Amino acid sequence: MVFQDPTDSLNPRYTAHESIAEPLRLLLGMNNSHELQLRIFSLADQVGLSANLLERFPHQLSGGQKARVGIARAIAVKPELLILDEPTSSLDVSVQAIILQLLNQLKNVLGMSYIFVSHDLNVVRLMCDRVIVMNQGKIVESGKSFEVFNSPKNPYTKALVEAIPRFEKWPQILIYFYNLIQFLGKGRNKLRSITNLEDIMKISKTALHLVSLDLDEVCEMIAEGCSLAQIGVKFERSRNVL
């Protein structure tokens, strides 16, 4: 399980190394120090956690780094099903995008299924194939993600979908992405031609998705010379149809 608050879910007396090692020792009986060390370094690499951070305590790590420790600990025993309880709610938007992209990658590489608990419907739409909507502890609607978000049946679900804060966070995401493209070169094709930027593109796409913006359309507008303000106006005018 990946918990909501990466700070509170980690033992403050354990280093990152010890937190990841704990389920390996207790649940898998892995006591051989060499084997344990190799497994911990492998898990750290899988979640993008630098090996030089493993001897740090939680208070010495950033929010994103603590989130990676929690994820590494959760996947240590190779679960078929992973429960994620609001795993990015305490992180800022740019870090959210990176962690969500990491979770998508791990799901595909390790063949896991997720039960993703969240009140952020943009994140749910991004991460989930099927959605279950609950109200006061009861299931009121379920179905494929696309169907639930585009054709909600239950009044409660409709109210939730209509209340999605699509543009609440768009300025900071768009400014970050706009500056990134201006720095590296305009347009998606030019970005893709630059070495090692595939991950940046994936993360940017995830971040834009969180605020209901389309990566391709934003790239096209920037390539055509649109200013940040013009892009903002374009999406503000489109808010009722997104």
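Please refer to the structure placed before this passage.
No experiment lies behind these values; they were computed from the predicted model shown. (Residues numbered from 1 in each chain as written. Predicted model: local features only at pLDDT ≥ 70, side-chain atom pairs only at ≥ 80, totals over all residues. Heavy atoms only, no water.)

A.B. asks: Mind laying out helix H2 (residues 33-46), listing which residues take part and the relevant values?
C.D. replies: Between its terminal C-alpha atoms H2 stretches 20 Å, which fits the 20 Å expected from 14 residues at 1.5 Å a residue. Of the residues making up H2, those classed as buried are Leu36, Arg39, Ile40, Leu43 and Ala44. What you see down the axis of H2 is that its buried residues fit within an arc of 135 degrees, all on one side. Opposite the buried face of H2, by more than 90 degrees, sit the exposed residues His34, Leu38 and Asp45. Its buried side turned inward, H2 meets helix H1 (16-28) and helix H3 (63-75). At the N-terminal end of H2, a side-chain oxygen is found 3.0 Å from the backbone nitrogen of His34, two or three residues along, and the residue is Asn32. Note on H2: the residue one or two positions beyond its end, Gly48, has a positive phi of about 75 degrees. (Helix = DSSP H or I, 4+ residues; strand = E, 2+ residues; numbered from the N terminus. Expected span 1.5 Å × (residues − 1). Buried < 20%, exposed > 50% of the residue type's maximum accessible area, 1.4 Å probe, protein only. Arc of directions from axis to C-beta. Contact = heavy atoms within 4.5 Å. Polar contact = N/O pair within 3.5 Å; in protein donor to acceptor, adjacent residues only side chain to side chain.)

A.B. asks: Explain unusual backbone geometry to me, and be specific about the residues and the numbers.
C.D. replies: A positive phi angle is found at Lys78, which is not glycine, with a value near 55 degrees. Among the secondary structure elements, Lys78 is positioned in the loop between H3 and strand S1 (81-85). Overall, Lys78 belongs to the exposed group, its relative accessible area being 64%. Even without glycine at this site, Glu86 takes up a positive phi of about 45 degrees. As for its position among the elements, Glu86 is in the loop between S1 and helix H4 (93-110).

A.B. asks: How would you summarise the side chain of Arg73 if you had to cite specific residues and measurements?
C.D. replies: Among the structural elements, Arg73 can be located in helix H3. This buried residue, Arg73, is left without a salt bridge; Glu22 holds the nearest opposite charge, at 5.2 Å. Apart from the residues within four sequence positions on either side, Arg73 is in contact with Phe3, Ser9, Leu10, Ser19, Ile20 and Pro23. (Lys, Arg positive; Asp, Glu negative; His and termini not counted. Salt bridge = Lys/Arg side-chain N within 4 Å of Asp/Glu carboxyl O.)

A.B. asks: Please provide a residue-by-residue account of empty space enclosed by the protein, values included.
C.D. replies: Applying the stated rule across the entire model yields one cavity of 30 Å³ or more. Along the wall of the largest cavity there are 13 residues; nearest its centre are Val2, Phe3, Pro6, Ala67 and Gly70. Here the element with the most residues in the lining of the largest cavity is H3; it accounts for five residues. Of the residues belonging to the lining of the largest cavity, the class tally is nine nonpolar, two polar and two charged. (1 Å grid on protein atoms, 1.4 Å probe; cavity = no way out; pocket = protein on both sides within 12 Å on 5 of 7 lines; lining within 4 Å. Points joined across faces, edges and corners; volume = space filled by probe spheres on them. Nonpolar A, V, L, I, M, F, W, Y, C, P; charged D, E, K, R; others polar.)

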